[in-house]
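Architecture at a glance
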Amino acid sequence: MTGRTDSEHNEADLSDPDGGATSGGWTRRAVTGALALAPFHRRASAEERGRDPSLLDGAKLQAAYRDRSCSPTEVVTSVLKRADALNPVVNAFIVLDRDGSLSAAEASAARWRDGKPLGPLDGVPVTLKDNIPWAGHPTRKGSRTGSDAGTLQNSPLAERLLRAGAVVIGKTCMPEFGWKRVGDSPLTGLTRNPWNTLLTTGGSTAGGSAAAALNLGVVHFGTDGAGSIRIPSSFCGVFGIKPSLGRIAAVPAAPTLHLGPVSRTVRDAAVALQALSGPDPRDITSSHAPMPDLVGSLDKGVKGLRIAWSPRLGYVERLDPEVEAIVGRAAEAFAQLGASVEHADPGFPNPMPILEPIWLTIAWSAVRPIPQAQWSELDPGLLALARKGQGVSGADYATAFGARASLHAAMARFNERYDLLLTPTVAVPAFAAGHNTPPGGAYGDDWLNWAPYTYPFNLSLHPAASVPCGFTSDGRPVGLQIVGPYLREDLVLRAARAYEQAHPWPFLDRPKSG
């Protein structure tokens, strides 16, 4: 598929610099913006200096900071302006810290003027999903049962972002407690897909993926317990990566929960992941293994790599034919890039019996502390799932937890023969917003029926990314999933970058109406 150049992007007509938003403290339903820094230096072009800085990519933003053609304060101001205009359409954000983000941007601008930036994220506007604690701001997790009081302590991720000089703009919307893979919640309502506002974003990193599609922020941090980064990345036509379990420390940790970035470009995600990975004593699952040089190896390509293409993982029964064809062509493209591509399945049976007791127990653990008088405020689907989880025995949970090792071992054997595995990210393109499954009944009433490709690699702990690889005939984005060996995020990112360079994907600057 053919992408557009920067000069072909249309800029939104945003005339009000204040956007009509409130000016004090943090506000509900406001927004993010700006772009991640690349690890090389060059001067911004005349064209770049004359454009809205909130539409620049990461490398161009860094160049602008260095040659002072643009400052972090200007970038954040521009992002807030666009966000105020666009968020009412897509509903990506629940919280915006307007005063805090502008103050942080001014501090970053001073460091850049003095030639002393804190690192590659200094001055970069970012967002956090609403289940990632950020001190002084609510962590409501998409639930009306949550508190409006500010969280007392930062999560390890928020702490590292602030220490790196990143400008945390706000928090993004998610389904209640992340229980499903679409983008609505009782607290915030529907989050809409920028490529067609009648469609779902997917979930549960719903708001982050919508914001990434519109470049309302450089990097949008989400969580992925069974596909929550990769599914909305696929539906929204952006890049998202779930690193190996524990690469980015999580508090509280969970058996399948991975933290990772969503962004427009592979490089922006690589820069962020490189800067923020590492162990934390508050997360017993956090990894002490050194992170490979993600940015330095990014442009090494895929020549000589052994890649397996598995359209159905050996057991998936239902796959949209148009999605299969689009992803199949993307898999074939890696052969043209110098890799050896073969049709091969990873060799494990359907892991649904492993996931189910874990997923049900997680749902019950989310609902259990909530006073029963408030259960009527919960998403009915979540409550039904939690009630099932209440009946899962400790023995069944422990058995499922231990059975993850069989998947990990199967993938280890598979990676002796293949460096990477390619699959569809999702079995379907985005469908109508407000539904948990595609209307028509072909996939039943369980979201796992249309999203069978992502959760196996949460259970196995392996890194996996979704790369935009085309559009359906009616304009819905489709994603290719790239799965790498355990702790080899560098291989996943190299492959994603190679595909991105050979087949650049288009960007939006405003939502499309359905």
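The following refers to the structure shown. What you see is a predicted model, and the numbers here were worked out from it, not measured in a lab.

**Notes on the overall build of the protein chain**
Along its length, the protein chain carries 14 helices and 16 strands. Here the C-alpha coordinates of the protein chain stretch approximately 60 × 55 × 45 Å along the principal axes. In the protein chain, once contacts between residues fewer than 6 apart in sequence are set aside, the share between residues at least 24 apart is 77%. Accessible surface computed for the protein chain: about 18100 Å², of which carbon and sulfur atoms make up 51%. The average position of the 50 basic charges and that of the 49 acidic charges among the side chains of the protein chain differ by 2 Å.

**Details of the packing of aromatic side chains**
Going through the model one piece at a time under the given rule, you end up with 12 aromatic pairs. Ring geometry for tyrosine 315 versus phenylalanine 348: centroids 6.3 Å apart, planes at 45°, classification tilted. Separated by 33 residues along the polypeptide, tyrosine 315 in the loop between strand 12 (306-309) and helix 9 (321-336) and phenylalanine 348 in the loop between strand 13 (340-343) and helix 10 (352-367) bring together distant segments of the chain. Classification of tyrosine 315 by relative accessible area gives buried; the value is 18%.

**Some thoughts on the environment of alanine 83**
Counting through the fold element by element, alanine 83 comes out in helix 3 (residues 72-90). The class for alanine 83 is buried, based on a relative accessible area of 0%. Separated by 233 residues in sequence, alanine 83 and valine 316 place their C-alpha atoms 39 Å apart.

**Remarks on the nonpolar core**
Of all hydrophobic cores here, the largest spans 112 residues; its most connected members are Leu161, Phe221, Phe239, Phe334, Trp450 and Ile482. When residues of this core are assigned to their parent elements, the largest contribution, 8 residues, is made by helix 10. Contact partners of tryptophan 450, with chain neighbours within four places excluded, come to Arg181, Val182, Ile231, Phe235, Val426, Ala427, Val428, Phe431, Asn436, Thr437, Pro438 and Tyr443.

**Thoughts on helix 14 (residues 489-502)**
Across its 14 residues, helix 14 extends 20 Å between first and last C-alpha, which sits within 8% of the 20 Å expected from 1.5 Å per residue. The buried fraction of helix 14 amounts to 12 of the 14 residues, a majority that puts the element mostly inside the structure. Turning to helix 14, its buried residues number three or more, namely Glu489, Asp490, Leu491, Val492, Leu493, Arg494, Ala495, Ala496, Arg497, Ala498, Tyr499 and Glu500. Residues of helix 14 that are buried in the fold lie against strand 10 (239-242), helix 8 (266-276), helix 9, strand 14 (420-424), strand 15 (464-471) and strand 16 (477-483).

**Some points on the side chain of lysine 180**
Tracing the backbone through its elements, the reader meets lysine 180 in the loop between strand 4 (167-172) and strand 5 (184-185). Overall, lysine 180 belongs to the buried group, its relative accessible area being 3%. Sequence-distant contacts of lysine 180, defined by excluding residues within four places in its chain, comprise Pro175, Gly203, Ser204, Asp379, Asn436 and Trp447.

Conventions and cut-offs
- Residues numbered from 1 in each chain as written.
- Predicted model: local features only at pLDDT ≥ 70, side-chain atom pairs only at ≥ 80, totals over all residues.
- Heavy atoms only, no water.
- Helix = DSSP H or I, 4+ residues; strand = E, 2+ residues; numbered from the N terminus.
- Contact = heavy atoms within 4.5 Å.
- Areas by Shrake-Rupley, 256 points an atom, 1.4 Å probe, with all protein chains shown as cover.
- Lys, Arg positive; Asp, Glu negative; His and termini not counted.
- Charge placed at Lys NZ, Arg CZ, Asp CG, Glu CD.
- Phe/Tyr/Trp six-rings, centres within 6.5 Å; stacked < 30°, edge-to-face > 60°.
- Buried < 20%, exposed > 50% of the residue type's maximum accessible area, 1.4 Å probe, protein only.
- Core = buried A, V, L, I, M, F, W, Y, C linked by side-chain atoms within 4.5 Å.
- Expected span 1.5 Å × (residues − 1).

Don't take any of this as a statement about function, it's just geometry.
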